[in-house]
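Chain by chain, the residues:
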Amino acid sequence: MRDLVKYVLQNMMKRLTRSSLTIISILIGITAIFALLSFGQGLQKYINETAEKAGANKIIVQPRAFGPPGSTPASLKERDLDIIHRVSGVDQVAGTVMGQTEVKDKNAKIGKFVFVSGLEPGPNLRMVEEAFSLELEKGRNLQKGDRKKAVLGYNYQLSDKIFEKPVRLGDSITIKGVAFQVSGFYKEVGNPQDDSNIYITNDDAKELFDTEDYSYAIVQTKAGENPGQVAMAISEKLRRDRGQKEGQEDFFVQTYEDALAAFSTIITVLNAVLVIIAMISVVVAAVNIMNTMYTAVLERTKEVGVMKAIGAENSTILGVFIVESGFLGLIGGLLGIGLGYLIAKAGGAAAAAAGYSILKPFFPWWLTFGCLVFAFLVGLASGYFPAKAASKLSPVEALRYE
Amino acid sequence: MIKEYFRYALNSLRRRKLRSWLTLIGIFIGIAAVVSLIGLGQGLQYAVSQQFGSLGTDKITIQASGGFGPPGTGVIRPLTEKNRQDIERIDGVKRTAGRLVDSVRVDFNNRAEFLYTTSWPQGEQKELVKESLDIKLTSGRLQKDSDTGTVVVGADLGKDSNGFQKRLEVGSKIEINGKKFTVIGVMKKKGSFIFDKIIFIVDKDYRDLLGRNDEDLDLIVAQVESGADINKVKEEIERYLRRERDVKKGEEDFSVSTPQATLSRVESTLFAVNLFVYIIAGISILVGGIGIMNTMYTAVLERTREIGIMKSIGAKNSTIFNLFFVESGLIGAVGGIVGAGIGFTLSYGMAAIGRAQLESELISAQISPWLLLGAIFGSFAIGSLFGILPAIRATKLSPVEALRYGK
C-alpha cells in the first residue's frame, strides 16, 4: 500500500503541470459547491435556531385574506382570541394589529413606509418576542399602560439606513402623523425587513389604524400538548363559531414548525438548483481527469508492460491507475474546500455589511467530509475506464510500444 | 500559410482522437449549459416584458404611495375622482381611467377563497382599462354600465384547479363578501398571477359592496396623446398632484410611473438574479478551458522532438507558436459550435416540458442569433486564451534539447 501511494505521488510529480491543471479543474467545482452549500446550511441553521428559540409549541392563526387592516373581508377579533384561549391545550394567546405606514424622524422630510406591529404588553409579551426572535438590546420593553411609546428594530440605530441620522432612546418619531417616543431597540434579526419594523402597543395600533382587527395571533400550547392537535382543535372551534364548513374557512391555523418547514423546503430547493448547476463543472472536471488518466496510461504503456511481464496482475494495474485518479480528486477536493471556505466567509461578510447577516455560511463537519469524499469518488469513477484500459493491455504489445 | 496551420492542427487532433474528443466534450458541456440557461433567462425576461408591454408605451400609472403589495396597501391619502378629471384636462393627456383594488372573500361550491378584485369603470373609461390591461374573453361578455350583480373573472378561475374544486363559467352564481353575483364572462389567460385570478365588479356595485366612497380611487391610468412627450406629461401630472396634495418636490406621497421605468426596474432585478446563475454555470466553461490547456501541454510534450526538428530546419518561434495556438483555438471553436447547438435544443426542450408541466407562460426560451454567435466566438476565445501558455512553452524549447528528448 505504501509503495502504491509512493508510486502514484511520484507519477504526479513527474507530470507536475498536468497534475496541477487537473487538480485545479476539480478544485473549482468543489469550491463552488462547498460555498453554495455552506450558505444553504447557514440559512437552514438559522431557521432551526429560530424554531428552537420560538419553541415548537407555537401556533399562528391568521385571517386568510390580505390587504391593509380594516379593509379585509376576513378578520380576527377579540372574540376569536377568547375562543382560542378556551381551547384545551392552549396556554397563552396574543394578537397583533399590524399595518404598513409612513414614519418620519425629526429631520426627515420624506417618510419611510415600514411595518408597524402592535404588541400586547404584559405576561404574553415574552412569548411573542420569542416567536419573532426579538430580543431587547437597549432601553425597555413596552409595558402595560404605555401610550405613544415605540420599540424600534435594529436598523433605526444606524445612520443612512432608514433615516440619515441614527434614532436615539427618548427621541420622538412620527408614525402616520402621530408622535411616538422611542423607549427601546431590539437586537439585529438579520434581514432588512424585520430590522426596520416598529413595535407599539396594540391599543395604540388599533387607534392608529382605526381598526379592531388583529392581523394574526400567536398561540402557545401547554407543555406536553401536541401542537398539531391543538391547531386542529382551534380550527374546529373557530369554524363552529363562524358557522363554516371545512373548505370554507376564512382563517388559517398553522403550527410554527409547519410554517418553518415550508420555508425551509423553499430554501432547500433553491439551494439544490444552484448546486446542480455548479455540478456541471464537476462533470467537466471528471472528463478532464479521464483525459489526464488516458494520457498517463498511454505514456506509461511500456511501464505497464514491464510490470505485467514480471508478474503484476490485472487488478494491481487497475489499482495503480484508479488510486492515482482518486488522489487527483482528493487533492482537488481538499484545496477546493479550503478555497470555498474563504469565499463563503468573504461572501458572508459582504452580505452582513449589506444588512443580510442572516446569510451566514455554516460549515458542519459532514459538509466538509462529504465534499472530500465526493471529490475522491469523482476521481475514482473518472479513472475507472482509463485504468481498465491499462489493465487490459497485452504485456507483449505493451513492451513493444514506442 | 494559414491553411497549412489548420491542416497541421486537424491532423494532430485526429492522431489523438480519444483525447481530442474528451477535450471537446469538456468544453461543449459548459457552453451548452450556459447557452441553455441564458436562453431560458432571456425567455423569462421576454415574457415579463411582454406582460408589461400589454400596458402599452403610452400609458402612465398614478398611485398614492403606500407599502408593498397591491395598489392601495397602506395608503394614507388616496387619489380622488377629482384628481382623475383634472389629470384628463392636462395638455397631452388623451383619456384616463380610475380603478379600485381590494381583496374579497368569494364563496362557491361550499368553499371559500380570498381573491383580488378590481372595479370595472363606467362609460368611456372602460375602453381604456380594456385596452391597457389587454382584456380578451374566452366566453361570455364584458360588463355594461347598466349591469348589476355581475362579474368577469380571470382565466385561472375558469379552471377546476381554482381552489373551489369546480370551475367558474358563464352563469355560475358566486357570493362575494356575502352578496350574490353572477359570472358573465371569463378572461383569456394573461400569464399574470394577479390578472388570471382577478374579479372585475362594476364600479357602482364595487363601491356599495366594499363601502368605498364615490370619490376614492386606488389607481389612475392616463393615456398620452400620440405625438405628445410622455415624460413631459408625467412631469406635468406630478406638478399638478404636488400642488393639489400640497407637498414639495422630493416629498411626494404618490408615484407617477411610465411603463418603461417600471419595466426597467423589474428587468434589472431579473438580470441580477440571472447573472448569478450564469456565473455559476460559467464556471464549467472555465474548467473546460483548463482541460484544453492540459491537452495542449500534453501535445507540446509529445511533440517535443517534432518541434526540435522543425526548429532545426529553420522554423521561426512565431511559426511554432501559431501551430499550437491554432490547434487550441480550433478545439474551442468546434466545442463552441457543438455546445451552442446542444444548448439551443436543450433550452427549447426544457422550456416546452416546463411549460407543459407548470402551465406558466413565464417559462419560454429565447435564443437570439447573437447568443449563438457569442457562444461560438466566446468558446473560440477561451480555446485560444488557454492555448497561449502551452504554445509559448513550445516556442521556448531549445532545438538541441528538444531533439535529444526521449532518447
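Here goes a summary of the coordinates provided. (Residues numbered from 1 in each chain as written. Chains lettered and ligands numbered in written order. Predicted model: local features only at pLDDT ≥ 70, side-chain atom pairs only at ≥ 80, totals over all residues. Heavy atoms only, no water.)

**A few points about the environment of Asn177 of chain B**
Next, step 1: Examined against the element boundaries, Asn177 of chain B turns out to sit in the loop between strand 8 (173-176) and strand 9 (179-187).
Next, step 2: Placed 73 residues apart in sequence, Asn177 of chain B and Val104 of chain B show a C-alpha to C-alpha distance of 6.2 Å. (Helix = DSSP H or I, 4+ residues; strand = E, 2+ residues; numbered from the N terminus.)

**Details of a nonpolar patch on the surface**
Next, step 1: Taken together, the side chains of Trp365, Trp366, Phe369, Val373 and Leu377 of chain A make up a nonpolar region of the molecular surface, amounting to roughly 580 Å² of accessible area.
Next, step 2: One can find Phe369 of chain A in helix 10 (residues 365-391). (Patch = residues over 30% accessible without salt bridge, like charges linked within 9 Å, V, L, I, M, F, W, Y side chains within 5 Å. Areas by Shrake-Rupley, 256 points an atom, 1.4 Å probe, with all protein chains shown as cover. Salt bridge = Lys/Arg side-chain N within 4 Å of Asp/Glu carboxyl O.)

**A short note on the sheet that holds strand 3 (residues 93-99) of chain B**
The pairing of strands in a sheet happens through backbone hydrogen bonds and is either parallel or antiparallel.
Residues and elements named next belong to chain B.
Next, step 1: If you walk across this open sheet you meet the four strands as 3-12-1-13, and the pairing is antiparallel. Single-partner strands in this sheet number two, and they are strand 3 and strand 13 (254-257). With direction set aside, neighbouring strand axes in the sheet form an average angle of 15°.
Next, step 2: Taken together, the six bridges between strand 3 and strand 12 (residues 219-224) define a ladder with antiparallel strand orientation. From the neighbouring strand, Arg99 faces strand 12, where its bridge partner is Leu219.
Next, step 3: Packing against the sheet, helix 4 (residues 125-132) makes contact with strand 1 (59-64), strand 3 and strand 12, and its axis sits at approximately 85° to strand 3. (Pairing = 2+ DSSP bridges. Axes fitted to C-alpha atoms, helices over the stretch in contact; angles between N-to-C directions. Contact = heavy atoms within 4.5 Å.)

**Observations regarding the pattern of salt bridges**
Residue and element names in this part refer to chain A.
Next, step 1: Applying the stated criterion across every chain, the model contains 47 salt bridges over all chains.
Next, step 2: The partner of Arg79 in a salt bridge is Asp241, with the nearest N and O atoms 2.4 Å apart. Remark: Asp241 occurs in helix 6 (residues 227-242) and Arg79 occurs in helix 3 (residues 78-86); sequence separation between them is 162 residues.
Next, step 3: For Arg79, a relative accessible area of 53% corresponds to the exposed category. (Buried < 20%, exposed > 50% of the residue type's maximum accessible area, 1.4 Å probe, protein only.)

**Things to note about the packing of aromatic side chains**
Geometrically, a pair of aromatic rings is defined through the distance of the ring centres and the angle of the planes.
Residue and element names in this part refer to chain A.
Next, step 1: In this structure the tally under the stated criterion is 12 aromatic pairs over all chains.
Next, step 2: With a centroid separation of 5.7 Å and 45° between ring planes, the pair formed by Phe132 and Tyr216 is classed as tilted. Taken together, the residues Phe132 in the loop between helix 4 (125-131) and strand 5 (136-139) and Tyr216 in strand 10 (residues 216-221) connect sequence positions 84 residues apart.
Next, step 3: Classification of Phe132 as partly exposed rests on a relative accessible area of 28%.
Next, step 4: A relative accessible area of 12% places Tyr216 in the buried class. (Phe/Tyr/Trp six-rings, centres within 6.5 Å; stacked < 30°, edge-to-face > 60°.)

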